[in-house]
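Overview (structure and organization)
These are the residues of each chain, in order.
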Amino acid sequence: MSDSQIKMIVMPKWGLSMSEGKVVKWLAKEGAKISVGDELLEVETEKIASAVEATDSGTLRRIVGEVDTVYPVKQLLAVIADDSVSDSEIDAFLASYVPPAVDEEGEAEKDAYEYIDLPIGTVRYAKYGDGGKTLLFIHGFGGDLDNWLFNVNTLAENHTVYAVDLPGHGRSVKSLTDASLAGLSKFVLEFMDALSIDSANLVGHSLGGAIAMKTAITAPKRVKTITLIGSAGLGNEINMGYIDGFIGSESRREIKPFLEELFFDRSLVGRQMIDDILKSKRLDNVTDVLRHLADTVFKGGHQAEKLGDAAAASGVPILAIHGTDDHIIPAAHTETLKGKASVHVMGDAGHMVQMEKSKETNKLISDHIH
Amino acid sequence: MARILSMKDAINEALDLEMRRDPTVIIMGEDIAGGAGAQGEEDAWGGVLGVTKGLIGKYGAKRVMDTPLSESAYIGAAVGAAACGLRPVAELMFLDFMGVCFDQIFNQAAKFKYMFGGKAQTPVVIRGMVGGGFRAAAQHSQMLTPLFTHIPGLKVVCPSNAYDAKGLLIQSIRDNDPVIFCEHKNLYTHAVDVPAESYTIPFGEAAISREGKSATIVTYGLMVHRALEAAETLAKEKIDVEVIDLRTLSPIDLDTVIESVEKTGRLVAVDEANPRCSIASDVIASVMEHAFKAMKSAPRAVTAPHTPVPFSPTLEDLYIPSAAAIAEAVRGTMK
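Residues numbered from 1 in each chain as written. Chains lettered and ligands numbered in written order. Predicted model: local features only at pLDDT ≥ 70, side-chain atom pairs only at ≥ 80, totals over all residues. Heavy atoms only, no water.

Focus: the overall build of chain B
Secondary structure summary: chain B contains twelve helices and 14 strands in total. The C-alpha radius of gyration computed for chain B amounts to 20 Å, which stays within 12% of the reference 20 Å derived for 335 residues, consistent with globular compactness. With the principal axes as the frame, chain B shows a C-alpha extent of 60 × 45 × 40 Å. Counting over 335 residues, chain B shows a buried share of 59%. Long-range contacts, defined as pairs at least 24 residues apart, comprise 79% of the intrachain contacts of chain B with a sequence gap of at least 6. About 13,300 Å² of surface is accessible on chain B, with carbon and sulfur atoms providing 57% of the total. Each charge sign in chain B was given a centre, from 32 positive and 40 negative side chains, and these centres are 4 Å apart. (Helix = DSSP H or I, 4+ residues; strand = E, 2+ residues; numbered from the N terminus. Rg over C-alpha atoms; globule rule 2.2 N^0.38 Å. Buried < 20%, exposed > 50% of the residue type's maximum accessible area, 1.4 Å probe, protein only. Contact = heavy atoms within 4.5 Å. Areas by Shrake-Rupley, 256 points an atom, 1.4 Å probe, with all protein chains shown as cover. Lys, Arg positive; Asp, Glu negative; His and termini not counted. Charge placed at Lys NZ, Arg CZ, Asp CG, Glu CD.)

Here it is in structure tokens:
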């Protein structure tokens, strides 16, 4: 038997800033038969907690990651192997296991955020993976490219994945002259031009979904498919209490209840998530840009544009994913896409369905893209 | 692409950005001129440790005022200029020197808004070095934060890292009240990721530097790092410590402290200042008053002893609270 039949389960890396994670509990027991996609254990980072899924099948032979213990990214937590592999071979494998060297420099180099100068100013993005199909992730109002931390790495295993910070968000330029969906869609196309991306599968969350639709309508040749996650641009209502609260909150205590509205499982809103959002919000001009954006796309407390029909008419295939417990944009808005798109409304998920149902979301995206 | 900046450079950047944004911002102090663009007698050190280096080349001698060695004169001038519409940032090389200009600070600047019925504003920042471990002896090593914190009308800031230093200094300059900005000299070279843009951190919001369930350490400045070091040691003993960095001492974020103690039931307050009437004693008193029922054991304070800072390196190292002493205090609360 060779080592290659022994598969390692390691501490995952969710997002660029994750360097370690804590084993909260094991969801599978030693000796259990594991299929690809089964949830093996729960891991908690400073940002968020989520389940680690199996990427190999076999028997969960040995668990070495202890509960309530923090391990660096890539550290071995368990091994999966067929029953044909003997216990002594597993022992030998574990005995010879060398933990990955802590290579922060090299790691940072490989995974670093990148910056590019566009007509509007400097824009931050991240690129993951190579080859396969090309995906571009567009976050929503007040978000940034780290909103995709549970999606980009999985999809980058087979594809080329880009995620961008919209103007006024994350670490991109803090000005926005044209805050309309047309203006934001123009920005997306300029970003694609600058990186020589002829066409891409656009994945948009919330406002990013509306931007993806607008782009498919105005430039269908540049858009292979669109995936709309908790998307805006499908109906009238928008939770303005959330939008105004997010813009107006200045402290951790003020913003927390608003961020909790984003999730079905409110306990996901942790200290690090709040701190990261405040770090971005506290940059000069961010509040002004967000106000200007909200006053444009959500003018008078309603969504300014409904794009479902036009997006469907563009001929670009549409996948829509929504959480039943979305308190920001009602799941009922996806009704308008029935018969014109592949629509999936998932239970136990809020507005951040791509985080709360990352496994299902990643599978749907993977099957949808061209 | 992380942008790693030392606390010294982050403070320089905050001054630079605010001077660029707002022409009423001026800086003054002893030997603060110097660095790129300075010539002749203006080519001083750019601050005794180079914090203000290069600013005179960008903004000229009218806005970067190299003052005579007379703290009482130029701190008084800064307070007066603030009352008349400028936003001066005056560097008191070592905050230990406040003795010669304290009337200007506590009896004038701190009182104007109150005594003029809210009609006067004094947007002055007095910044300078605090703390020990620099082998600078008893008159240049003190942690005098409790003295400033005692005075109503002063805001008191003491950052533990470059990111906070930049955001809190920009907030201090934009604030309309007098701010004492305490920079720990042994943190000047400590570097973290700092955005290039301007940003502010509001006063009165503590940071939770580490989350934990078993005990709460409340501290600020250099001691945050010692507390985090202690927390790492204790984690191996399955003691899960929460570390709170107060960031601003006046106003103080008691809500975050009390919330944490209500969770852990155990409190260790760490202060590099002398023990009597210190930030540590103040935090402990407030928690006992508001969250006594949550306590599982008596709170503990880890501070410097009630003596001047020794010049002997061996004694100075013993004088400043160590990670080992902090860890031992936490163990004491676990019994």
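Having seen the structure, we can now continue with the description.
Here we look at helix α6 (residues 240–248) of chain A
Residue and element names in this part refer to chain A. Within α6, the full set of buried residues consists of M240, Y242, I243, G245, F246 and I247. Against α7 (252–260), α8 (271–281) and α9 (286–297) lie the buried residues of α6. Capping the start of α6 is the job of one residue whose side-chain oxygen sits 3.0 Å from the backbone nitrogen of G241: N239. (Polar contact = N/O pair within 3.5 Å; in protein donor to acceptor, adjacent residues only side chain to side chain.)

Details of the domain arrangement of chain B
Residue and element names in this part refer to chain B. Assigned domains within chain B: domain 1 (4–193) and domain 2 (207–334). A straight line from the C-alpha centre of domain 1 to that of domain 2 covers 27 Å. Listed by partner, the interface residues are 26 residues for domain 1 and 24 residues for domain 2. For the pairing of domain 1 and domain 2, the buried interface totals around 2,000 Å² over both sides, and the portion due to carbon and sulfur atoms is 59%. Linking domain 1 with domain 2 are three salt bridges, by the criterion used here. We note a salt bridge from D164 to R247, for which the minimum N-O separation is 3.2 Å. Along the contact surface separating domain 1 from domain 2 lie twelve residue pairs in polar contact (both at pLDDT 80 or more). Secondary-structure elements contributing two or more residues to the side of domain 1 that touches domain 2 are α6 (145–149), β6 (155–157) and α7 (162–174). Among the residues forming the side of domain 1 that touches domain 2, the class breakdown is twelve nonpolar, eleven polar and three charged. (Domains from an automatic or database assignment. Buried area = accessible area lost by both parts, 1.4 Å probe. Salt bridge = Lys/Arg side-chain N within 4 Å of Asp/Glu carboxyl O. Nonpolar A, V, L, I, M, F, W, Y, C, P; charged D, E, K, R; others polar.)

Here's the deal with the interface of chain B and chain A
Much of the literature gives interface size as the accessible area that the parts lose upon coming together. Taken together, the contacts link 26 residues of chain B with 18 residues of chain A. Summed over both partners, the interface of chain B with chain A buries about 1,800 Å², with 37% contributed by carbon and sulfur atoms. For the interface between chain B and chain A, the tally reads seven salt bridges. Scanning the region where chain B abuts chain A turns up eleven residue pairs in polar contact (both at pLDDT 80 or more).

Some points on the pairing of strand β10 (residues 215–219) of chain B
All names here are of chain B. Burial within β10 is extensive, with five of its five residues counted as buried. Burial along β10 is two-sided: A215, I217 and T219 facing one way and T216 and V218 facing the other are all buried. Both β10 and strand β11 (residues 241–245) contribute to a ladder of five bridges, which runs parallel. The residue of β11 that forms the bridge with I217 is V243. Crossover connection from β10 via helix α8 (residues 223–235) to parallel β11: handedness right-handed. Here β10 pairs with strand β13 (residues 267–271) via three bridges, running parallel. When the sheet's bridge partners are listed, I217 is paired in β13 with V268. (Pairing = 2+ DSSP bridges. Right-handed = clockwise from strand over helix to strand, strands pointing away.)

Quick notes on the nonpolar core
If you look at the biggest cluster of nonpolar residues, it comprises 153 residues, and the most contacted ones within it are L41, L136, F141, F191, I226, I243 and L259 of chain A. With residues up to four places along the chain from it excluded, the contact list for L259 of chain A reads Y242, F246, V269, I274 and I277 of chain A. Core analysis: the second largest hydrophobic core is formed by 50 residues, I26, M98, F112 and V257 of chain B among them. (Core = buried A, V, L, I, M, F, W, Y, C linked by side-chain atoms within 4.5 Å.)

A word on the domain arrangement of chain A
All names here are of chain A. Each assigned domain of chain A is listed with its residue range as follows: domain 1 (3–106) and domain 2 (113–368). The distance between the C-alpha centroids of domain 1 and domain 2 comes to 31 Å. Listed as interface residues are eleven residues of domain 1 and, on the opposing side, 15 residues of domain 2. When domain 1 packs against domain 2, close to 1,300 Å² is buried across both sides, 60% of that on carbon and sulfur atoms. For the pair domain 1 and domain 2, the interface holds two residue pairs in polar contact (both at pLDDT 80 or more).

Here's the deal with the pairing of strand β14 (residues 223–229) of chain A
All names here are of chain A. With respect to burial, β14 is a largely interior element, six of its seven residues being buried. Relative to β14, strand β13 (residues 200–205) is paired through five bridges, and the arrangement is parallel. Residue H205 lies in a different strand from β14, and its bridge partner there is I229. Pairing geometry for β14 and strand β15 (residues 318–323), over four bridges, is parallel. In the sheet register, I229 faces β15, and the bridge partner there is I321.

What to know about the sheet that holds strand β4 (residues 39–44) of chain A
Backbone-to-backbone hydrogen bonds pair the strands of a sheet. The strands run either parallel or antiparallel. Residues and elements named next belong to chain A. Read across the open sheet, the four strands follow the order β5-β4-β2-β7; overall the sheet is antiparallel. The outermost strands of the open sheet, each flanked by one partner alone, are β5 (49–53) and β7 (69–72). Recorded for the sheet is a direction-independent mean angle of 40 degrees between the axes of neighbouring strands. (Axes fitted to C-alpha atoms, helices over the stretch in contact; angles between N-to-C directions.)

Quick look at the packing of helix α1 (residues 7–21) of chain B against α7 of chain B
Residue and element names in this part refer to chain B. Relative to each other, α1 and α7 sit at 30 degrees, their axes nearing to 8 Å. Looking at the two axes, α1 sits roughly parallel to α7. Read as a crossing pair, α1 and α7 show a hand that is right-handed. Contacts between α1 and α7 pair M7, A10, I11, E13, A14, L15, L17, E18 and R21 from the former with A162, A165, K166, L169, I170, I173 and R174 from the latter. (Parallel < 35°, antiparallel > 145°, perpendicular 65-115°, else oblique. Left-handed = near helix turned anticlockwise from the far one by under 90°.)

Here's the deal with the packing of aromatic side chains
Counting across every chain of the model gives twelve aromatic pairs over all chains. When the ring of F112 of chain B is compared with that of F116 of chain B, the centres are 5.8 Å apart and the planes differ by 40 degrees; the resulting orientation is tilted. Put simply, the rings of F141, Y242, F246 and F298 of chain A touch in pairs and so form one group of aromatic residues. Geometry around Y113 of chain A places R124 of chain A over its ring, the cationic atom sitting 4.2 Å from the centre. We note K281 of chain A situated over the ring of F246 of chain A; from NZ or CZ to the ring centre the distance is 5.4 Å. (Phe/Tyr/Trp six-rings, centres within 6.5 Å; stacked < 30°, edge-to-face > 60°. Lys NZ or Arg CZ within 6 Å of the ring centre and 35° of its normal.)

So, the sheet that holds strand β9 (residues 207–210) of chain B
All names here are of chain B. Reading across from one edge, β9-β11-β10-β13-β14 is the order of the five strands in this open sheet, with mixed pairing throughout. Each edge of the sheet is formed by a strand with only one pairing partner; in this case those strands are β9 and β14 (300–303). Each strand axis lies, on average, 25 degrees off the axis of its neighbour in the sheet, ignoring direction. Alignment of β9 against β11, held across three bridges, turns out to be antiparallel.

Considerations on the side chain of T67 of chain B
By the secondary structure assignment, T67 of chain B is in the loop between β3 (64–66) and α3 (71–83). With residues near it in sequence (within four places) discarded, T67 of chain B still touches M28, G29, E30 and Y74 of chain B.

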